[in-house]
Amino acid sequence: MNIFRSLLGKVWHDPNAAEVVKISEGQLYLVRSSAVRGGRECIYNDAMATIRRVPSVEHNFQLVITRVYEDGDQELLEDEEETDEERVFLIGEELEFRTGTTPDGEPAFIWRDLQGDVDELYEFVAPSTNEPTRAFFETCMYRAMYERKYRASADNLSDADLQEFIWQPPAAKKSKGKATRKASASKSDEAQTPAREEPAVAVTSAHPSVRSPSRTKAAAKSSQPEMPSLATEPAELHLWDKEQGMFTKQADVTARVARNPTGGQFDYWLLASTDEGQVLAHRISSEMNQRLSSRVLSITWNNIDDNGNAYSWCLRFLSEESFDNFQRAFTRAMWETQNQWPWEKTKPDEQSYVLSSNVEDVEMKDAEDEEDEEDAVEEELDKSEDEEEAEYPDEDAEAPPMPKGRNKQLTVGYKGDRSYVVRDDKIGVFSHSGQGQVKYYASISNVSTPKGKVFSPKHVMLHDQDTKMVLMNPAEPHSLYNLDIERGKVVEEWKVHDDITVDAIAPDNKFAQMTPEQTLVGISHNALFRIDPRVSGAKMVDSQFKQYVSRNKFSSVATTEAGKLAVASEKGDIRLFDTIGKNAKTALPPLGDPIIGVDVTADGRWIVATTKTYLLLIDTLIGEGRYTGQLGFDRSFPANAKPIPRRLQLRAEHVAYMGHSVSFTPARFNMGEGKEENAIVTSTGRYVVAWDFAKVKKGHLDKYEIKKYDQYVVQDNFKFGDDKEIIVALQNDVLAVNKKNLRRPTRASLAPEGPSRSSIVDSPY
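Residues numbered from 1 in each chain as written. Predicted model: local features only at pLDDT ≥ 70, side-chain atom pairs only at ≥ 80, totals over all residues. Heavy atoms only, no water.

Looking at the sheet that holds strand 37 (residues 687-692)
And then number 1: Strands sit in the order 35-36-37-38 across an open sheet of four strands; the sheet is antiparallel. Edge positions in the sheet fall to strand 35 (668-669) and strand 38 (704-708), since each of these pairs with one other strand and no more.
And then number 2: Relative to strand 37, strand 36 (residues 679-684) is paired through six bridges, and the arrangement is antiparallel. Note that in strand 37 the partner of Ile 680 across the bridge is Trp 691. (Pairing = 2+ DSSP bridges. Helix = DSSP H or I, 4+ residues; strand = E, 2+ residues; numbered from the N terminus.)

What to know about the pattern of salt bridges
And then number 1: On inspection of all chains with the given rule, the structure shows 33 salt bridges.
And then number 2: A salt bridge links Glu 287 to Lys 612, with the nearest nitrogen and oxygen atoms 2.7 Å apart. Of the two residues, Glu 287 sits in the loop between strand 11 (277-283) and strand 12 (291-293) while Lys 612 sits in the loop between strand 32 (606-610) and strand 33 (615-619), which places them 325 residues apart along the sequence.
And then number 3: By relative accessible area, which is 35% here, Glu 287 ends up partly exposed.
And then number 4: On the accessibility criterion, Lys 612 (38% relative accessible area) is partly exposed. (Salt bridge = Lys/Arg side-chain N within 4 Å of Asp/Glu carboxyl O. Buried < 20%, exposed > 50% of the residue type's maximum accessible area, 1.4 Å probe, protein only.)

With respect to the nonpolar core
And then number 1: Ranked by internal contacts, the top residues of the largest apolar core, which has 35 residues, are Ile 51, Ile 65, Trp 111, Phe 124 and Phe 137.
And then number 2: Secondary-structure elements contributing two or more residues to this core are strand 1 (19-32), strand 2 (39-53), strand 3 (61-67), strand 6 (107-112), strand 7 (120-125) and helix 3 (131-150).
And then number 3: A per-element tally of this core places helix 3 first, with eight residues.
And then number 4: If we skip the residues at most four places from it in the chain, Trp 111 touches Leu 28, Leu 63, Ile 65, Phe 89, Leu 95, Glu 96, Phe 97, Leu 121, Tyr 122 and Phe 124. (Core = buried A, V, L, I, M, F, W, Y, C linked by side-chain atoms within 4.5 Å. Contact = heavy atoms within 4.5 Å.)

Quick word on the confidence of the model for the chain
And then number 1: Here the chain averages 81 in pLDDT, and 79% of its residues register 70 or above.
And then number 2: Below pLDDT 50 for its whole length, residues 172-224 participates in 122 contacts with residues either more than four positions away or in separate chains.
And then number 3: Low confidence marks residues 376-402, where pLDDT is under 50. Its contacts with residues over four positions away, or in another chain, come to 35 contacts. (pLDDT = per-residue confidence, 0-100.)

Comments concerning helix 5 (residues 348-357)
And then number 1: Within helix 5 the residues assigned to the buried category are Gln 351, Tyr 353, Val 354, Leu 355, Ser 356 and Ser 357.
And then number 2: Those residues of helix 5 hidden inside the fold are in contact with helix 4 (320-339), strand 30 (586-588), strand 33 and strand 34 (646-648).

Concerning the sheet that holds strand 21 (residues 479-484)
And then number 1: Spatial ordering of the open sheet is given by 19-20-21-22, a layout of four strands whose pairing is antiparallel. On the outer flanks of this sheet lie strand 19 (459-463) and strand 22 (489-495), each paired with one strand and no other. Taken over all neighbouring pairs, the strand axes of this sheet differ in orientation by 25° on average, direction set aside. (Axes fitted to C-alpha atoms, helices over the stretch in contact; angles between N-to-C directions.)

Quick look at the packing of aromatic side chains
And then number 1: Scanning the entire structure with this criterion turns up 23 aromatic pairs.
And then number 2: Judged by centre distance (5.6 Å) and plane angle (25°), the rings of Phe 97 and Phe 109 are stacked. Here Phe 97 is found in the loop between strand 4 (86-90) and strand 5 (98-101), whereas its partner Phe 109 is found in strand 6, with twelve residues between them in sequence. For the pair Phe 97 and Phe 109, one class covers both residues: buried.
And then number 3: Note on Phe 97 and Tyr 142: the rings are 6.3 Å apart at their centroids and 75° apart in plane angle, and the pair reads as edge-to-face. Remark: Tyr 142 occurs in helix 3 and Phe 97 occurs in the loop between strand 4 and strand 5; sequence separation between them is 45 residues. Taken individually, Phe 97 and Tyr 142 each receive the classification buried, so the pair is uniform in this respect.
And then number 4: The ring of Tyr 29 is capped by Arg 40, whose NZ or CZ atom sits 4.1 Å from the centre of that ring.
And then number 5: Here the basic side chain of Lys 546 rests over the ring of Tyr 548, its NZ or CZ set 5.2 Å away from the ring centre. (Phe/Tyr/Trp six-rings, centres within 6.5 Å; stacked < 30°, edge-to-face > 60°. Lys NZ or Arg CZ within 6 Å of the ring centre and 35° of its normal.)

Here it is, written out as structure tokens:
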């Protein structure tokens, strides 16, 4: 195998190369060796085999068998709703991969069908591939097994290091027993510890058949540490069937919230078991995207396995008492996990606040049928020509090539119909040309300090009627930079303070960018202050400065039309101020998830805070006590009447179709002077997501629509003064999309699609 060392150096050492090696011609068979069912079934008559990196999990690789169509074949299948075009297998020792020959003497690669019966094997026959290529493919398979097993690079391995992965016939091997034979996960070697056991989740087929947990071999109880339970309740375990579009019951189980003592004081797990043993073990974290419904007594959540497959699970409880007990235990476990602090040490009113945030009355039903009749009629009436988006413009052959790097930030102008996109040390300027079109207008290149040092802005904000742009330089956290947009260069450095950093900024008020207002608001990790670039020396206004002794980890700030402030933190708490320099009027306790962005309606009534997996919507109107009718910016909430925070999140079954975990970008209300906010927009991965705010305020938290693109969405926001047009910055493109072109999340709308007919601009800045 050492003869491939130079070739391995080219393909294996490049982490950006998705594909390691490919065999372009072959056939895939399913072989059954038993006497009763013996035979070879041809799965793909023409196929190619690829070893591919798993992009989201280091040291993991997939064996991918893809069907190859002859000319004209693919067109015949376009009318079919489902086609079996690809099968994916996570590479590990459990595949028992080896080489062999067919009965006709043709060379083949052979591995186990982990989703099938004991006697079923896959066979990829590659008669037209030369022997060195087959040997190189085999070597890459063993290297992938090594990396997965040892979580380490396979660079510089000798042939001897790979010997353990070369399959030997059963007679030459020690008996391995039957404990690992029927594990439905592709990682049966990991099923012996609770910290890794997910036997009912991980699959290796691109089109897996759902295996009932009752058929899954449980880990030996003697090998598991005793895990004390916070709650133990009977329940039904359901799994979302992607083919049928509905939850299907898997088993009657005993559900537990338990602490794993070997993982530390706050390592909690969601467990499910039958009489035959444990069938499910998922670590409790915000990545679960959990939803609890008191209406149907259920909890739904997501799990994404090492192979990148996403699943939606559901526990449905048999009584309100069981659900309440489990909900309290789960909320406590989640809170302690996120905050690393004992639940008992929190105040009773804070516990009530956290508990109220974790229950959503969302029915467990088919996502395809979740809209009511009124919505269906409204959607039908909205069908018109403006639903058809403009086609991709033809690429200009004379346009200069795209520079290195990718789009990183978007800011939408308040005046002059402009949007600005940051890409490394360049800022692209785009005009809104009408009819939903975004057109590249100009670029500002080589963004640099007045001393000529080039930098890539960490954050940008328009200022002074869109004539200036305030830049944050990650290398100079104590300063801001004033970029003159008309001149296209940085003209001033504003030194804010020698000791206090500027971690985030916001305008003096919601619409300050429309005016000549010069001051702005800044935060550090534990301070809130005003910045006035007109004063000499340090630009911080000493009389408008509030610093906390503790490290509060402030992360973002937003202002109302009246200049009142909402400050959020990485801890997850939110403070409301009526002015800078005084204590917060309201301090809302943390749920534990870091807040990465905050926005507020112009009147200050509503706040939306963004975490990685959900948006937190808070009504600041005080509903009880002597200050009833006032806002939390002006008065403190009574201790027994804090607002009820509402989570806006994607349904677990929708995430299962999307195929990856949720990672929201900062959410924004639509905005415009004299206009009421009626929508919230954010994005995750390749999806733009928008909520109907009017319906959300009525309690319909599931009223969101989506649109998928072929690139990751970097940031999106409504065009100023418009509640229909959304400006979207993709990694390499900038576009405008009408909100009507977003669709209800269904299997069809979440599935991959071709180029959308949006006004996409491949901008050459």
